[in-house]
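Inside the fold
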Amino acid sequence: MSGYTSNELMNMAEEYMIYGKKMYPAVLERGDGVYLYDKEGKEYLDCVGGIAVNALGYNNKEYLDALKAQMDKVMHISRYYHNEPAIIAAKRLVELSGLSQAFFANSGTEAIEGALKVAKKHASMKPGADKDNNFEVIAMHHSFHGRSMAALAATDNSKYQGAFVPSNVKAVFANFNDLEDVKSKITKNTCGIICEVMQGEGGVYAADAEFLKGLRALCDEKDIILIFDEVQCGMGRTGTLFAHQAYGVKPDVLALAKALGCGVPVGAFLISERCKGVLGPGEHGNTYGANPFCMAAINAVLDLYEKYDVLTNVNKMAKVFEEGFDKLKEKHPDKVTGRRGKGLLQGLVVTVNRDKLEQVAFEKGLLVCAAGTDVIRFLPPLVISEEEVNKAINIMDAVLSEM
Ligand SMILES: *Cc1c(COP(=O)(O)O)cnc(C)c1O
């Protein structure tokens, strides 16, 4: 396109871009199905999926046609005016979740930021509330909620928090799946509890049903807000459209992003009946939120999930991964010690150096990413086929043999 070679571009990236992470030595140019291709045409089977974003895979014609049709009408208008795709997307998400209202944001972090504002505002509306002192949230150890100051405060990872905490948001951390620990951390200043239904970055840990039920009861009893962060585990990733639907427990605020737009930057938080009216007119807003282009993406995603019966595929392919992982463990018992996960958020527990493993996989044309301290995460497009899952397992087998 520009006439630069991959090497020239990578050198320019070093010079001109601020990057937080190690970069792999390739410039990716296009995608098709579950495959990505670099500028030299090398093929990669993608089990990172844009970090759980590209649920419909790459270059899906129906998805792209829906976006192009919206582009031909209008991409962005201001929040002062209604647009049909936004209203329809809100109605659909509300009906699918059984929650009451939706707010649209541009990312997961922003959805979390909004969710935390709901919790704080809710606390400040209680009779006799101490407005200066009501912003303690209980978050879980090994959580990840994003990189804004508030979301970061609730993210239990010193690597990300670095110089940016303490911030004005006080998060108190409790052990995931340990209800007694959460109870012991509640104070009069607690305004909410934030919890991933399945921890992704933290190491692919699913919540226990008893834990989530206990959090619900606790939040009801204390009149505080229960936030489920389904930015990564929602939108079908774990086998139900919303991860908490497998548990029969509803949050007060549900945060979504990543696969919500399948590649278009969009997030949302949905609120329960109880939180209606907590955020008054003008108390929260943004410029791009609910713009018709991103909203058309959400509607296309929901249409295509239904059309392709994505959830059925997730549950089928989860089994193929799990059987494949068990075989890898049998064959490489010194390198693979188990697996965790659910649906197509799968983790292979390994003892080997994970940076090296990622690197060797990359060289062999398989994209995977580490999470937590001992796991390699697989988050492929949710439309991956059995043949493709088996191919990923076979490449992993070759990678482990080489380690
Ligand atoms: C990715 C992620 C976020 C942050 O979303 P961004 O779109 O990167 O801002 C928040 N919570 C969880 C669980 C995530 O995985």
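Residues numbered from 1 in each chain as written. Predicted model: local features only at pLDDT ≥ 70, side-chain atom pairs only at ≥ 80, totals over all residues. Heavy atoms only, no water.

1. A few points about the environment of V204
If you trace the backbone, V204 turns up in the loop between strand 8 (198-199) and strand 9 (205-206). As for V204 and E283, which are separated by 79 residues in sequence, their C-alpha atoms are 35 Å apart. Aside from chain neighbours lying at most four places away, what touches V204 is M198, Q199, R340, G341, L345, Q346, G347, V375 and R377. (Helix = DSSP H or I, 4+ residues; strand = E, 2+ residues; numbered from the N terminus. Contact = heavy atoms within 4.5 Å.)

2. Remarks on the pairing of strand 11 (residues 253-256)
Neither face of strand 11 is exposed, since V253 and A255 on one face and L254 and L256 on the opposite face are all buried. Strand direction decides the pairing type here: strand 10 (residues 225-229) and strand 11, joined by 3 bridges, are parallel. Note that in strand 11 the partner of I227 across the bridge is V253. Bridge count between strand 11 and strand 12 (residues 267-271): 4 bridges; the pairing is antiparallel. For L254, the partnering residue across the bridge sits in strand 12 and is L270. (Buried < 20%, exposed > 50% of the residue type's maximum accessible area, 1.4 Å probe, protein only. Pairing = 2+ DSSP bridges.)

3. So, the side chain of R377
Examined against the element boundaries, R377 turns out to sit in strand 17 (residues 375-378). In terms of polar contacts, R377 uses its side chain to reach the side chain of Q232, at 2.7 Å. Engagement of the side chain of R377 in a polar contact is seen with the backbone oxygen of A370, the distance being 3.4 Å. (Polar contact = N/O pair within 3.5 Å; in protein donor to acceptor, adjacent residues only side chain to side chain.)

4. Here's the deal with the domain arrangement of the protein
Partitioning the protein into structural domains gives domain 1 (6-59 + 309-402) and domain 2 (73-308). Both sides of the domain 1 and domain 2 interface together cover about 2300 Å² of buried area, and 62% of this is carbon and sulfur. For domain 1, the biggest contributors to the area lost against domain 2 are L56, K342 and L345; these three give 26% of the whole. Linking E201 and R377 is a salt bridge whose minimum nitrogen-to-oxygen distance equals 3.0 Å. On inspection of domain 1 and its partner domain 2, the count reaches 15 residue pairs in polar contact (both at pLDDT 80 or more). For the side of domain 1 that touches domain 2, the secondary-structure elements that each account for two or more residues are helix 2 (49-52), helix 11 (310-331), strand 13 (336-342), strand 14 (345-350) and strand 17. Here the side of domain 1 that touches domain 2 gets 4 residues from one element, more than from any other, and that element is helix 11. For the side of domain 1 that touches domain 2, the residue count by class is 16 nonpolar, 7 polar and 4 charged. (Domains from an automatic or database assignment. Buried area = accessible area lost by both parts, 1.4 Å probe. Salt bridge = Lys/Arg side-chain N within 4 Å of Asp/Glu carboxyl O. Nonpolar A, V, L, I, M, F, W, Y, C, P; charged D, E, K, R; others polar.)

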